[in-house]
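Given next are the chains, with one letter for each unit.
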Amino acid sequence: MKTFEYEAHPSRVIFGAGYFDRVSDEMRALGVRRVFLVHDPTSAASAAKVASDLTAFTDVRMWDQVAQHVPIDLATPAREAVDAHGSDLVLSIGGGSTTGLAKAIGLSHGLPIVAVPTTYAGSEMTTIYGLTGERHKQTGKSAQVLPKVVVYDPLLTLGLPANVTGPSAFNSLAHCVEALYAQGHNPVTTAIALEGVRAIADALPRVIRDLSDVDSRSDLLYGAMLGGMALGQTGSGFHHRLCHILGGKFNLVHADTHSVILPHVVAFNAPVLPREMRRLAEALGVPGGEAAGSLWDLALECGIPTDLASLGLEREGLDEVVEQILIEEKNNPVPLDGPNVRALLDAAFDGVRPGKPLPQPSPSTGRGNRELIEP
Ligand SMILES: NC(=O)c1ccc[n+]([C@@H]2O[C@H](COP(=O)([O-])OP(=O)(O)OC[C@H]3O[C@@H](n4cnc5c(N)ncnc54)[C@H](O)[C@@H]3O)[C@@H](O)[C@H]2O)c1
């Protein structure tokens, strides 16, 4: 018998190729007067286009100073500019970093947000915000930062290069996977997360093969939206904490760590989560197979990092990571200790495929056990 608590997040989503043209109508419906438009430099043309539509009925202040993890040094001048402008809404066009800055403003000024994501981060579907000071990223949750309207348009993602597309999609895939057993998970969030896994695992290889395929981009963006919903309505755990520690200590691009770490965390937890692993393997398209190895194969197939060494880390640095994760993570299904975390990190460092070796590695497709196919 099922018993659970579930809280839906109230945001309006419109999704479709060409829907970017509907942004100004959505804004008009909200009755805005003074829009603060945050965008990253790669979205400058889209921002300029929407700004010219909006000027028919609002005043627009443009802002393009954004960076990963929302440094407080960038959030402060943006907040001051909002004060000077007297903005009554924040419109963000860009990836997770841009949405993050919009959230920082929404949090401090109580302003509604309209988000137009251009990557697969999924932040636009969550109440989670983050701000980074000199040494530390502070995160929290507030209903205030959940965008009121989210406009998804896969056409905006066509320019996203493979080396951003893959890691960004894997970030979202990791949100789906962790949502299967994170605190607060329930049958509704599990359904969302599994559909997210299905969509991303199916679409990502197609997108990498043809970055300009709008259908595949659309499927991947849909999966990313579900990843954001799954994260927002449950939370994250060991995997994301480990990625944040690695990213923070060694100044790595946040998204690049996910494809390396996720398969190993899944293998680590698999022995105590048989039901979740069975469902995950099904969603990954390998019913009855191993989820961990399949995630690693997916990363390899898509040309996304599968080892920490290639991200520029030194093995000695892993000691600090072990120390830090043992302090930060207390709720993982398999309890962490020094040796088991170190073994996980060593395997991730070396790029070893987790799980059982594949019986027939296939060098021609690029899939298979790296240890077996490389000299
Ligand atoms: N708060 C949350 O719920 C949440 C959820 C997921 C991620 N995040 C945060 O989001 C950030 C990562 O987001 P991200 O992976 O989108 O990175 P990002 O926003 O930094 O974008 C990555 C790169 O892609 C470029 N880019 C963006 N859209 C593009 C497009 N359409 N075409 C070409 N280039 C484009 C950007 O200029 C940037 O160089 C991290 O700081 C992470 O912590 C937050």
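Residues numbered from 1 in each chain as written. Predicted model: local features only at pLDDT ≥ 70, side-chain atom pairs only at ≥ 80, totals over all residues. Heavy atoms only, no water.

Here's the deal with the confidence of the model for the protein chain
And then number 1: In this model, the protein chain carries a mean pLDDT of 92, and residues with pLDDT of at least 70 account for 95%.
And then number 2: Below a pLDDT of 50 lies the segment residues 364-375, which in the model reaches 28 contacts outside its immediate sequence neighbourhood of four places, other chains included. (pLDDT = per-residue confidence, 0-100. Contact = heavy atoms within 4.5 Å.)

Observations regarding the pairing of strand β8 (residues 149-152)
And then number 1: Alternating positions in β8 separate into two faces, V149 and V151 on one and V150 and Y152 on the other, with burial throughout.
And then number 2: Pairing between strand β1 (residues 12-15) and β8: four bridges, direction parallel. Along β8, the bridge assignment pairs R12 with V149.
And then number 3: Alignment of strand β5 (residues 113-117) against β8, held across two bridges, turns out to be parallel. Across the sheet, A115 pairs through a bridge with V150, a residue of β8. (Buried < 20%, exposed > 50% of the residue type's maximum accessible area, 1.4 Å probe, protein only. Helix = DSSP H or I, 4+ residues; strand = E, 2+ residues; numbered from the N terminus. Pairing = 2+ DSSP bridges.)

With respect to helix α13 (residues 338-350)
Since one α-helical turn is 3.6 residues long, residues separated by three or four positions face the same way.
And then number 1: With 13 residues, α13 should cover 18 Å at 1.5 Å per step; its first-to-last C-alpha distance of 18 Å lies within 8% of that length.
And then number 2: All of the buried residues along α13 are V341, L344, L345, A348 and F349. An end-on view of α13 places all buried positions within 135 degrees of arc, on one side of the element.
And then number 3: Buried residues along α13 sit against α8 (238-250), α9 (258-269) and α12 (318-328).
And then number 4: Just beyond α13, the residue with positive phi is G351, at close to 70 degrees. (Expected span 1.5 Å × (residues − 1). Arc of directions from axis to C-beta.)

Topic: the site of the ligand
And then number 1: Inspection of the region around the ligand gives 23 residues, with G96, S97, T118, T119 and T126 positioned closest.
And then number 2: Here L160 contributes a backbone N or O atom positioned 3.5 Å from a nitrogen atom of the ligand.
And then number 3: Relative to its unbound accessible surface of 870 Å², the ligand loses 81% to contact with the protein.
And then number 4: Secondary structure elements with two or more residues in the shell around the ligand: α4 (96-109) and α5 (162-179).
And then number 5: Class assignment for the residues of the shell around the ligand results in six nonpolar, 14 polar and three charged.
And then number 6: Counting the residues that make up the shell around the ligand, at least three belong to each of domain 1 (12-157) and domain 2 (162-350). (Near = heavy atom within 4 Å. Polar contact = N/O pair within 3.5 Å; in protein donor to acceptor, adjacent residues only side chain to side chain. Areas by Shrake-Rupley, 256 points an atom, 1.4 Å probe, with all protein chains shown as cover. Nonpolar A, V, L, I, M, F, W, Y, C, P; charged D, E, K, R; others polar. Domains from an automatic or database assignment.)

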